[in-house]
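Structure assessment
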Protein chains: 2
Amino acid sequence: MTSESTTESRRALTLRDVSEASGVSEMTVSRVLRNRGDVSDATREKVLKAAKALGYVPNKIAGALASQRVNLVAVIVPSLSNLVFPEVLGGISEELEDSGLQPVFGVTNYAPEREEAVLYEMLSWRPSGVIVAGLEHTPAARAMLENAGIPIVEIMDVDGNPVDSVVGISHRRAGIEIARAIVKAGYRKIGFLGTKMPDDHRARKRLEGFEAGLAEAGIELADREFYSGGSALLKGREMTETILKRSPDLDFLYYSNDMIGAGGLLYCLDNGIDVPGKLGLAGFNGVELLDGLPVRLATMDACRREIGRRAAEIIAGHSHSGMVGGERIELTPTLQLGDTIRRA
Amino acid sequence: MTSESTTESRRALTLRDVSEASGVSEMTVSRVLRNRGDVSDATREKVLKAAKALGYVPNKIAGALASQRVNLVAVIVPSLSNLVFPEVLGGISEELEDSGLQPVFGVTNYAPEREEAVLYEMLSWRPSGVIVAGLEHTPAARAMLENAGIPIVEIMDVDGNPVDSVVGISHRRAGIEIARAIVKAGYRKIGFLGTKMPDDHRARKRLEGFEAGLAEAGIELADREFYSGGSALLKGREMTETILKRSPDLDFLYYSNDMIGAGGLLYCLDNGIDVPGKLGLAGFNGVELLDGLPVRLATMDACRREIGRRAAEIIAGHSHSGMVGGERIELTPTLQLGDTIRRA
DNA sequence: ATGAAAGCGCTAACAA
DNA sequence: TTGTTAGCGCTTTCAT
């Protein structure tokens, strides 16, 4: 070995080191490493060889400061344990893969103040764009987004007043549509089961839409049951038992997500309840999990991956050409009746 | 409104703007904003008021360059769709919350070259530490990790030769232990079902350990079945049907993860197979999902959240005091027999 | 308690 | 095609 093997953290290498090792000016080394401008093949080779031999890793901090360009995209989501958001992140990663942009994730745990803090932290790195879940923010967070001077894409939801661009579905409309389908299938005594999260605005909007949809047919929610925390599948099981004990005459259960819906479905199967004859069921999200169940739960696909991709596309578009922004992309979730809603 | 509402991206605010607005020198403004050094309350107040009024967001790029300090921790995981990794990330986020450090995530899709690329990208931001899943890296990636001069924590797995610190479980030992438990319960014709991922080293080590454990009792794997992609729950169902058709005399199925194990379990329940009497089942991971199933699948908890927390703790420890590094933390997964392995 | 000067490592703009 | 000169917006250090 040629280099000393001190575990000591020696000073990080700089362009200058590569410059000296290769006998080429710092500026030209910089050009080679960024594939910019015209550099002769001979020089290029010399530089690359030296850089590799030394194990040089460019310092993007200095580069970003000098060029006023940062290839980072801030992505802010409420949670990672929901599986919904990892999928969105997957779509974003995928789309950004070859754009030269890098996603940086932050998690808020559904707390508006955390969102504000995370946003502040991320904006201080001067990213090329921000992708943030939801349209509801603290006034300070909204002000930061408005003044950031970079493309902002709010995702998941379109029901509200976006700061800049927005990509998502209308949860209100999703609620209305499933309500209509349920009514049309002849169900009348309908219960709702969902999370007790004051800051999950999308679940709230779905419920509002759902009630509005029922109201069109003069129907009111017959009962409702809420939970928070714990294993969703288990909670779905328990809540279903609870609500059915309390209101045995219910003929339909609408769950605010597929996990608790699947739990409810398993409960019904275990207890020999006639689904969808005596009792209909529906969830929300179209999670992959459902494919493995013995009976397909009715659900609505929330277009998660697609949302991630489109949002990333908008940010990437800005950095390539000078796009204008203010796009509004409303995706249409498809209703899958599955096996848990009676067919006409 | 007092400020003009041009959508125009005006130049971002600098310390100087705050300095001028408050009539305090840039240096003192900087001190106030970082809570460093002695500043009179009067001055502090003036500065904070001005900064808030302007909506100033510090430029960490410049700050990092000047101070040679970056409060970022690079976190590199193979996948987000596995639910295992989101949980680890959750543990990391939680632990880092009040340490002043910020996690930055990168995803490799189980591809060593992607890992190398992501690592290079992240190191170029000069993070305070790196947390990376697994002990297997390309030679170039390993060299980068060794020369980064910052704390490195490899997580999930301890079977191998770490670069610096390591926090995880021994997947080999996990395989051995479950094999012993299965043999002890009297099962003899044992099948394995798992992913066909050449780069999922942990699954591979579990299988190796499993076979070693069986070998202790002079038993060989009777059959095996692999899959890739698709809904794990569904795949588990399908693979179980396939392997049982092919080898009807199997009396135990060991699944490489809980999702396919749950699929297999549902298949058995549907088809009236006597579990655990005629057929025993076990998975791996201890996913929350299992709590909701009608029968508890035998599994082993992989300590995911704990791994995240401990890894983050090591990085945070380095940045506080000057810790030495090279820690090795082996956690012990607990075997939960559940309802799918015969009791003695 | 506050300010002035120098420079972190790189790149834009220009010169040769 | 290559090199030189000035910063980018902060923080460090040293002076006041």
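Values in this document were obtained by computation on a predicted structure and should not be read as measured data.

Oppositely charged side chains can form a pair if their charged atoms are brought close together. All names here are of chain A. Tallying each qualifying case throughout the model produces 52 salt bridges over all chains. Put simply, R309 and E306 hold a salt bridge, and the shortest N to O gap is 3.1 Å. Here R309 and its partner E306 are both found in helix α12 (residues 304-320), 3 residues apart, which amounts to about one turn of the helix. On the basis of relative accessible area, E306 is assigned to the partly exposed category, the value being 26%. The network of salt bridges with shared partners includes E94, R305, E306, R309, R310 and E313.

Here the focus is the relation of the copies chain B and chain A. Least-squares fitting of chain B to chain A yields an RMSD of 0.1 Å, with the superposition described by an axial translation of 0.0 Å and a rotation of 180°. In short, the pair behaves as if placed about a two-fold rotation axis. Both copies contact each other with a shared surface, as 100% of the interface residues of chain B are interface residues in chain A too.

Below, the discussion takes up the nonpolar core. Grouped together as the largest cluster of nonpolar side chains are 104 residues, with contacts concentrated most on I131, I155 and F210 of chain A together with I131, I155 and F210 of chain B. Every residue in contact with I131 of chain B, bar those within four places of it in the chain, is listed here: V73, A74, V75, I76, I92, V153, I155, A311, A312 and I315 of chain B.

Across the boundary between the two partners, chain B contributes 51 residues, which contact 51 residues of chain A. Counting the surface lost from both chain B and chain A, the interface buries some 4,700 Å², and carbon and sulfur atoms represent 65% of this. Ranking the residues of chain B by area buried against chain A places I61, W125 and R126 of chain B at the top, with a combined share of 15%. Taken together, the links from chain B to chain A amount to 4 salt bridges. Residue E97 of chain A pairs with R114 of chain B through a salt bridge whose shortest N-O separation is 3.8 Å. At the junction of chain B with chain A, the criterion picks out 12 residue pairs in polar contact (both at pLDDT 80 or more). For the side of chain B that touches chain A, the secondary-structure elements that each account for two or more residues are α4 (60-67), α5 (84-96), β2 (102-107), α6 (112-123), α10 (232-246) and α11 (258-270) of chain B. Taken together, the residues of the side of chain B that touches chain A sort by class into 30 nonpolar, 11 polar and 10 charged.

All names here are of chain A. Mapped onto the fold, N257 is located in the loop between β8 (252-255) and α11 (258-270). By relative accessible area, N257 is classed as buried at 15%. Of the polar contacts made by the side chain of N257, one reaches the backbone nitrogen of M259; its length is 2.9 Å.

Residues and elements named next belong to chain B. At their nearest, the axes of helix α1 (residues 15-22) and helix α2 (residues 26-34) sit 9 Å apart, and the two run at 105° to each other. When the interaxial angle is binned, α1 and α2 end up roughly perpendicular. Residue-level inspection shows L15, R16, V18, S19 and S22 of α1 in contact with α2, the latter providing E26, V29, S30 and L33. Split by residue class, the contact of α1 with α2 holds 4 nonpolar, 3 polar and 2 charged.

For sheets, the rule is that strands pair by backbone hydrogen bonds, running either parallel or antiparallel. All names here are of chain B. Spatial strand order, β2-β1-β3-β4-β5-β11: 6 strands in an open sheet with parallel pairing. Here the strands that pair on one side only, and so sit at the sheet edges, are β2 and β11 (328-330). Pairs of neighbouring strands in the sheet enclose a mean axial angle of 15°, with direction left out of account. As paired elements, strand β1 (residues 72-77) and strand β3 (residues 129-133) share 4 bridges and run parallel to each other. Directly across from V75, in β3, lies its bridge partner I131.

This part covers the pairing of strand β5 (residues 165-169) of chain B. For a regular strand, side-chain orientation follows a simple rule: the groups alternate between the two sheet faces. All names here are of chain B. Of all 5 residues in β5, 5 are buried, a share of seventy percent or more. Residue alternation in β5 divides its side chains into two sets, S165, V167 and I169 and V166 and G168, and both sets are buried. Inspection of the sheet shows β5 paired to β11 by 3 bridges, in the parallel sense. Its bridge partner being in β11, V167 is matched across the sheet by I329.

One frequent convention defines the size of an interface as the accessible area lost when the parts assemble. Each assigned domain of chain A is listed with its residue range as follows: domain 1 (1-56) and domain 2 (171-303). Once you take the C-alpha centre of each, domain 1 of chain A and domain 2 of chain A turn out to be 61 Å apart.

All names here are of chain B. An order of β7-β6-β8-β9 is seen for the 4 strands of this open sheet, with the pairing classed as parallel. Across the chains shown, the open sheet's two edge strands, defined by having one partner strand only, are β7 (223-227) and β9 (280-282). Across the sheet, the mean angle from the axis of one strand to that of its neighbour is 15°, orientation sign disregarded. Of the pairings in the sheet, the one linking strand β6 (residues 190-195) to β7 comprises 5 bridges and is parallel in character. In the sheet register, G194 faces β7, and the bridge partner there is F226. Helix-sheet contacts for helix α9 (residues 201-216) involve β6, β7 and β8 (252-255), and the interaxial angle to β6 is about 170°.

This part takes up unusual backbone geometry. All names here are of chain A. With an omega of 5°, the peptide bond between V275 and P276 qualifies as cis. By the secondary structure assignment, P276 is in the loop between α11 and β9 (280-282). At Y110, a residue that is not glycine, the phi angle is positive and equals roughly 65°. Its relative accessible area of 14% is what places Y110 among the buried residues.

Right, let's get into the protein's contact with DNA strand C. Close to DNA strand C lie 24 residues, the nearest being L15, S30 and Y56 of chain A together with D38 and T43 of chain B. Here DNA strand C approaches the protein such that, of its atoms within 4 Å, sugar and phosphate make up 69%. Between DNA strand C and A62 of chain A, the relevant distance is 3.2 Å, taken from a base nitrogen to a main-chain nitrogen or oxygen of the residue. The contact in question runs from a sugar or linking oxygen of DNA strand C to an N or O atom on the side chain of Q68 of chain B, over 3.2 Å. Elements with a contribution of two residues or more to the surface near DNA strand C: α2 (26-34) and α4 (60-67) of chain A together with α2 and α4 of chain B. In terms of residues, the surface near DNA strand C owes the most to one element, α4 of chain A, which gives 4 residues. Of the residues contributing to the surface near DNA strand C, the split by class is 10 nonpolar, 10 polar and 4 charged.

A word on the protein's contact with DNA strand D. If you check the shell around DNA strand D, you find 24 residues, and the closest are R31 and T43 of chain A together with M27, S30 and Y56 of chain B. Backbone atoms, meaning sugar plus phosphate, form 66% of the atoms of DNA strand D positioned within 4 Å of the protein. At 3.0 Å, a side-chain N or O of T28 of chain A approaches a phosphate oxygen of DNA strand D. Between a base nitrogen of DNA strand D and a side-chain N or O atom of R31 of chain A, the distance comes to 2.7 Å.

The rules behind these values
- Residues numbered from 1 in each chain as written.
- Chains lettered and ligands numbered in written order.
- Predicted model: local features only at pLDDT ≥ 70, side-chain atom pairs only at ≥ 80, totals over all residues.
- Heavy atoms only, no water.
- Salt bridge = Lys/Arg side-chain N within 4 Å of Asp/Glu carboxyl O.
- Helix = DSSP H or I, 4+ residues; strand = E, 2+ residues; numbered from the N terminus.
- Buried < 20%, exposed > 50% of the residue type's maximum accessible area, 1.4 Å probe, protein only.
- Least-squares fit on C-alpha atoms with pLDDT ≥ 70 in both.
- Contact = heavy atoms within 4.5 Å.
- Core = buried A, V, L, I, M, F, W, Y, C linked by side-chain atoms within 4.5 Å.
- Buried area = accessible area lost by both parts, 1.4 Å probe.
- Polar contact = N/O pair within 3.5 Å; in protein donor to acceptor, adjacent residues only side chain to side chain.
- Nonpolar A, V, L, I, M, F, W, Y, C, P; charged D, E, K, R; others polar.
- Axes fitted to C-alpha atoms, helices over the stretch in contact; angles between N-to-C directions.
- Parallel < 35°, antiparallel > 145°, perpendicular 65-115°, else oblique.
- Pairing = 2+ DSSP bridges.
- Domains from an automatic or database assignment.
- Near = heavy atom within 4 Å.

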